[in-house]
Amino acid sequence: MDAEGHLIEKIARAIPSAGKGRNTAGLRLGIGDDATIFAPSKGCEMVLSCDAFLEGVHFLIESHPPDSVGYKSLVRAASDLAAMGARPRFFLMTLAIPAGRTGAWLDGFLRGMRRAARETGMILAGGDTTRSGLGISISITVAGEIRRGCALKRRGARPGDLIYVSGKLGCAQLGLELLLHGFVRNPRLRAAIKPHLYPQ
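Notes on the structure in this doc start here. (Residues numbered from 1 in each chain as written. Predicted model: local features only at pLDDT ≥ 70, side-chain atom pairs only at ≥ 80, totals over all residues. Heavy atoms only, no water.)

Some words on a nonpolar patch on the surface
- Judged by side-chain polarity, Ile 163, Val 165 and Leu 169 come together as a nonpolar surface patch covering roughly 400 Å² of accessible area.
- With respect to the element layout, Leu 169 can be found in the loop between strand S6 (137-147) and helix H4 (171-180).
- Leu 169 sits in the exposed class, given a relative accessible area of 75%. (Patch = residues over 30% accessible without salt bridge, like charges linked within 9 Å, V, L, I, M, F, W, Y side chains within 5 Å. Areas by Shrake-Rupley, 256 points an atom, 1.4 Å probe, with all protein chains shown as cover. Salt bridge = Lys/Arg side-chain N within 4 Å of Asp/Glu carboxyl O. Helix = DSSP H or I, 4+ residues; strand = E, 2+ residues; numbered from the N terminus. Buried < 20%, exposed > 50% of the residue type's maximum accessible area, 1.4 Å probe, protein only.)

Below you can see the structure in the form of structure tokens.
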């Protein structure tokens, strides 16, 4: 097995996934083939979104713990499904990673992504891996389902509608500022940094 094959096996073992004989409702074909095949439940529509998470833009390799990068990359993408009222189901991950990050850093990343997958109820359905010489690049495509005709669209908002947010406004920004100023390892500030590293 080549290096990419070993990397795919490592990912498949670490994150809830489907393929190689494992059956998941709605997922007809998962990891291990050229593409994935899935079908929504009867009377539902699929909702799809994608999100990029790039080293140096969305996270700093020296400041963000690897499990936070894995967790946040999936939760950010899944939040687009939640915004439309969809139930998260599956995700695809494209990971470009330098060879020097396929050991301990990747293990931490996969732990965080596994936690996010379990919390959101999502299954890894496939994706792509490649070696990168320019840092880590993560792209997540998420698939959810919603009853036909019930998706919440931005243009559907009206005066008087209720607006919901998760957490307290400004807490994630405070966590980022503390992290950027070197307080990420300060145990007294852990609770203040958590909303940035592990958003709900």
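With respect to the environment of Arg 101
- Along the chain, the position of Arg 101 falls in the loop between strand S4 (87-97) and helix H3 (104-120).
- Arg 101 sits 31 residues away from Ser 132 along the chain, and the two C-alpha atoms are 10.0 Å apart.
- In contact with Arg 101, not counting residues within four places along its chain, are Ile 61, Leu 106 and Ile 136. (Contact = heavy atoms within 4.5 Å.)

Comments concerning helix H5 (residues 190-197)
- Those residues of H5 that sit buried are Ile 193, His 196 and Leu 197. Take H5 and look down its axis: the buried residues cluster within an arc of 90 degrees, on one side only.
- Considering only its buried residues, H5 is in contact with helix H2 (66-83) and H4. (Arc of directions from axis to C-beta.)

Some words on the sheet that holds S6
- Judged by pairing direction, the sheet is mixed, and its four strands sit side by side in the order S3-S6-S4-S5 without closing on themselves. The sheet terminates laterally at strand S3 (44-54) and strand S5 (123-131), the two strands that pair on one side only. If you compare each strand with its neighbour and ignore which way they point, the axes differ by 15 degrees on average.
- Summarising the sheet, S3 and S6 pair through eleven bridges and their orientation is antiparallel. Note on S6: the bridge partner recorded for Met 46 is Glu 145.
- Helix H1 (residues 3-14) rests against S4 and S5 of the sheet, and its axis sits at about 150 degrees to S5.
- Against the sheet, H2 makes contact with S3, S4 and S6, and its axis sits at roughly 35 degrees relative to S6, the strand it touches most. (Pairing = 2+ DSSP bridges. Axes fitted to C-alpha atoms, helices over the stretch in contact; angles between N-to-C directions.)

Digging into the side chain of Glu 145
- When you line up the elements, Glu 145 lands in strand S6.
- Relative accessible area serves as the criterion here: at 6%, Glu 145 is assigned to the buried category.
- A polar contact of 2.9 Å, which involves the side chain of Glu 145, links it to the side chain of Ser 41.
- Side-chain polar atoms of Glu 145 contact the side chain of Arg 89, separated by 2.9 Å.
- Look past the residues within four positions of Glu 145 in its chain and what remains in contact with it is Pro 40, Ser 41, Cys 44, Glu 45, Met 46, Ala 86, Arg 87 and Arg 89. (Polar contact = N/O pair within 3.5 Å; in protein donor to acceptor, adjacent residues only side chain to side chain.)

Some thoughts on the environment of Pro 195
- Relative to the helices and strands, Pro 195 resides in helix H5.
- Judged by its relative accessible area of 28%, Pro 195 is partly exposed.
- For the pair Pro 195 and Val 57, spaced 138 residues apart in sequence, the C-alpha to C-alpha distance is 18 Å.
- Not counting residues up to four positions away in its chain, the partners in contact with Pro 195 are Cys 171 and Ala 172.

A look at the pattern of salt bridges
- Applying the stated rule across the entire model yields five salt bridges.
- Linking Lys 10 and Asp 107 is a salt bridge whose minimum nitrogen-to-oxygen distance equals 2.8 Å. Residue Lys 10 is found in helix H1, and its partner Asp 107 is found in helix H3; the two are separated by 97 residues along the sequence.
- Residue class for Asp 107 comes out partly exposed when judged on its relative accessible area of 33%.
- Note that Arg 87 is salt-bridged to Glu 145, the shortest N-O span being 3.4 Å. Here Glu 145 lies in strand S6 and Arg 87 lies in strand S4, a separation of 58 residues in the sequence.

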